[in-house]
Amino acid sequence: MKWLNKIRIRSISVYVVQAGGCRDCALQFSMALSVNSKKKGITVTGNPKHADCLLVCGCINEKSKEKIIEIYDKIPYPKAVIAVGACACSGSLFRRENSQLYAAEEVLPVNSWIRGCTPGQAEILEAIVRAMEMVKETD
Amino acid sequence: MLGKIIWFFAVILSVPVLYIAYNFIKSMMPGQSKTYILQPVYRLLKLFEKKDENAGFLAYFFSIGSCLFSLIALYMTVAGFNFLFVISVLSMMDLLVITGAFSSGDFSGKVSAKRGISRFIIWLFTSIVSAASIYQVAGTLKLNEISRLSESNGLIVNLPFTFVSLFIILLMKGNLMHFNFGISGNEQSLLGDALNSPYSGWSLAVIQLAQWTETGVWLKILSNFIPVVKPVSYVVVSFVFLAFLLLDGYISSVEWKKAARLSWGWAGGLAIINFIYLFYY
């Protein structure tokens, strides 16, 4: 079913979660969509039921943790989770011993990590496509 | 019979073509996300292979039921049945979508059902008032007769507001402009609206098909009022709809309760104005 996998990569709906932080990662992603013309077929959706990919931006705290898990459960299979930016990957400089902050992989099964503060626009789109390709292999 | 079958498939195919054209033009505009030409079709095919563990039998039952009713409505429209029969089948379709949304038990499903009922009442009221106006002018509600009379007598001269109110129903169904209730599977925009729909994966794909078919039904109904030959009138109405699809990108969306108020005012209000004019003047 190669053609079906090709179709899946050509239409990727992304649900963006801003868990906390400065929101620059989410802004970079929005800008990437409007500026980058090489990666096509990526759209943003406001409904997790329509999404293929969950983009986690910012530090995950106790409050947003539950909501993020709830959103993740609503996304139908096959789905991918991408941690965008230093905050989502590791907690960045906000992470202290008792800060009650989580890295994305402590909460969800993350398929791809994009490190950096803030990550590049092209890298975010590349990671989304790669993650969806990987998902097809694991399914 | 052959003509009806050709019309049936032509209308089914025309709506995805409209969305493909819309998607292509929109992706060419500056600041928009770049998409493939066949993106709406890719999305539909992708949805068919997605698996939602939370979706039960009812989600599939209601989505398939609504799709069947939309196909029946389309056949009745191209065959020139009574306008009210078509409306009753379309209302069955809408009710199945709403019931499916409500029975999902999902929060977004309940929100969707609430908005769906609001939209349902508005478009049904508008359709019934419009039917009364059409009957007053044409003396019949059969769509093939209305089409014939439009070509020869130009019915639209006496039914301008009715035509506009029926067009607003089309905008409401397409979640466009200030008549966007924020419901269901239209996912063309760059920054997604708060799309409230309990359907996902396979059932969402079927609902999407039903919506496309329903859009075709309304385009075909509206084309009956244009005083030119059928294929030309259908193309004219389709181009106007495409223009509104593109215009939607420049119009800010409003909160759904305001969308409901505006829909009452424009769709219901214009239908009533035309009705009063016809009966009292």
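A. Region of interest: the overall build of chain B. In terms of regular secondary structure, chain B is built from ten helices and zero strands. Each helix and strand of chain B, placed in order from N terminus to C terminus, yields the pattern α-α-α-α-α-α-α-α-α-α. Principal-axis analysis of the C-alpha atoms places the extent of chain B at approximately 55 × 40 × 35 Å. Scored against the burial criterion, the 281 residues of chain B give a buried share of 49%. For chain B, long-range pairs separated by at least 24 residues make up 73% of all intrachain contacts whose partners lie at least 6 apart in sequence.

B. How the structure looks around the packing of helix 1 (residues 2–28) of chain B against helix 2 (residues 39–48) of chain B. Residue and element names in this part refer to chain B. Where helix 1 meets helix 2, the axes come as close as 8 Å, and the angle between the chain directions of the two elements is 120°. Between helix 1 and helix 2, the crossing angle belongs to the class labelled oblique. Between helix 1 and helix 2, the residues in contact are Pro16, Tyr19, Ile20 and Asn23 and Gln39, Pro40 and Val41, respectively.

C. How the structure looks around the pairing of strand 1 (residues 12–18) of chain A. All names here are of chain A. Among the seven residues of strand 1, six are classified as buried, and the element is accordingly described as predominantly covered. Judged from the three bridges that link them, strand 1 and strand 2 (residues 42–44) form a sheet pairing that is parallel. Each bridged residue has a counterpart across the sheet, and for Ser13 the counterpart in strand 2 is Thr43. Here strand 1 pairs with strand 3 (residues 53–57) via five bridges, running parallel. Bridge assignment links Val16 to a residue of strand 3, and that residue is Leu55.

D. Quick look at the nonpolar core. Residue and element names in this part refer to chain B. Core analysis: the largest hydrophobic core is formed by 76 residues, its most contacted members being Ala73, Val86, Leu222 and Ala267. No other element matches helix 8 (residues 201–223), which puts 13 residues into this core. Setting aside chain neighbours within four positions, we find Ala73 in contact with Val86, Val89, Leu90, Met93 and Val217.

E. Quick peek at the sheet that holds strand 2 of chain A. All names here are of chain A. The strand order 2-1-3-5-7 describes an open sheet built from five strands, whose pairing is parallel. The open sheet has two free edges, formed respectively by strand 2 and strand 7 (112–114), since each of these has just one partner strand. For this sheet, the mean angle separating the axes of adjacent strands, direction not counted, is 25°. With three bridges joining them, strand 5 (residues 80–84) and strand 7 adopt parallel strand pairing. Each residue of the ladder has a partner; that of Val84, found in strand 7, is Ile114.

F. Inspection of unusual backbone geometry at higher detail. Residues and elements named next belong to chain A. The omega angle of the peptide bond from Tyr77 to Pro78 is -5°, so this bond is cis rather than trans. Among the secondary structure elements, Pro78 is positioned in the loop between helix 3 (62–74) and strand 5. Here the bond from Cys117 into Thr118 is cis, since omega is -5°, no more than 30 degrees from zero. Backbone geometry places Arg23, a non-glycine residue, at a positive phi of 70°.

G. View of the pairing of strand 3 of chain A. All names here are of chain A. The element strand 3 is largely enclosed, with a buried count of five among its five residues. Burial along strand 3 is two-sided: Cys53, Leu55 and Cys57 facing one way and Leu54 and Val56 facing the other are all buried. Both strand 3 and strand 5 contribute to a ladder of five bridges, which runs parallel. Bridge pairing links Val56 to Ala83 in strand 5.

H. Representation of the packing of helix 3 (residues 57–78) of chain B against helix 8 of chain B. Residue and element names in this part refer to chain B. Their axes nearest at 8 Å, the elements helix 3 and helix 8 cross at an angle of 20°. Between helix 3 and helix 8, the crossing angle belongs to the class labelled roughly parallel. Considering how the two elements wind past one another, helix 3 and helix 8 form a crossing that is left-handed. In contact with Ala59, Tyr60, Ser63, Ile64, Ser66, Cys67, Ser70, Leu71, Ala73, Leu74, Thr77 and Val78 of helix 3, helix 8 contributes Trp202, Ser203, Val206, Ile207, Leu209, Ala210, Thr213, Glu214, Gly216, Val217, Lys220 and Ile221. Here the contact of helix 3 with helix 8 is composed, by residue class, of 15 nonpolar, seven polar and two charged.

I. Looking closely at helix 5 (residues 107–138) of chain B. Here helix 5 of chain B contains 32 residues, and its C-alpha end-to-end distance of 46 Å stays within 8% of the 46 Å for a straight helix at 1.5 Å per residue. Of the residues trailing helix 5 of chain B, Gly139(B) is marked for its positive phi of about 75°.

J. Region of the structure containing the confidence of the model for chain B. Scored by pLDDT, chain B has a mean of 86; 95% of the residues are at 70 or more. Every residue in residues 185–195 of chain B scores below 50 in pLDDT, and together they form 37 contacts with partners more than four places removed in sequence or on other chains.

K. Examining helix 2 (residues 24–35) of chain A more closely. Residue and element names in this part refer to chain A. Between its first and last C-alpha atoms helix 2 spans 16 Å; for twelve residues at 1.5 Å apiece the expected length is 16 Å, and the two agree. The complete set of buried residues in helix 2 reads Cys25, Ala26, Gln28, Phe29, Ala32 and Leu33. In an axial view of helix 2, the angular spread of the buried residues amounts to 155°, which keeps them on one side of the axis.

L. Geometry of the environment of Trp123(B). Residues and elements named next belong to chain B. Relative to the assigned elements, Trp123 resides in helix 5. Owing to 26 C-beta atoms within 10 Å, Trp123 belongs among the buried residues under this scheme. Expressed as a C-alpha distance, the spacing of Trp123 and Gly268, which sit 145 residues apart in the sequence, is 7.8 Å. Aside from chain neighbours lying at most four places away, what touches Trp123 is Ile169, Met172 and Ala267.

M. Highlighting the confidence of the model for chain A. Predicted confidence across chain A gives a mean pLDDT of 82, with 92% of residues reaching 70 or more. For chain A, the element scoring lowest by mean pLDDT is helix 1 (residues 2–10) of chain A, at 76; strand 5 of chain A scores highest, at 91.

What counts as what
- Residues numbered from 1 in each chain as written.
- Chains lettered and ligands numbered in written order.
- Predicted model: local features only at pLDDT ≥ 70, side-chain atom pairs only at ≥ 80, totals over all residues.
- Helix = DSSP H or I, 4+ residues; strand = E, 2+ residues; numbered from the N terminus.
- Buried ≥ 20, exposed ≤ 12 C-beta atoms within 10 Å, placed from the backbone.
- Contact = placed C-beta atoms within 7 Å.
- Axes fitted to C-alpha atoms, helices over the stretch in contact; angles between N-to-C directions.
- Parallel < 35°, antiparallel > 145°, perpendicular 65-115°, else oblique.
- Pairing = 2+ DSSP bridges.
- Core = buried A, V, L, I, M, F, W, Y, C linked by C-beta atoms within 7 Å.
- Left-handed = near helix turned anticlockwise from the far one by under 90°.
- Nonpolar A, V, L, I, M, F, W, Y, C, P; charged D, E, K, R; others polar.
- Expected span 1.5 Å × (residues − 1).
- pLDDT = per-residue confidence, 0-100.
- Arc of directions from axis to C-beta.

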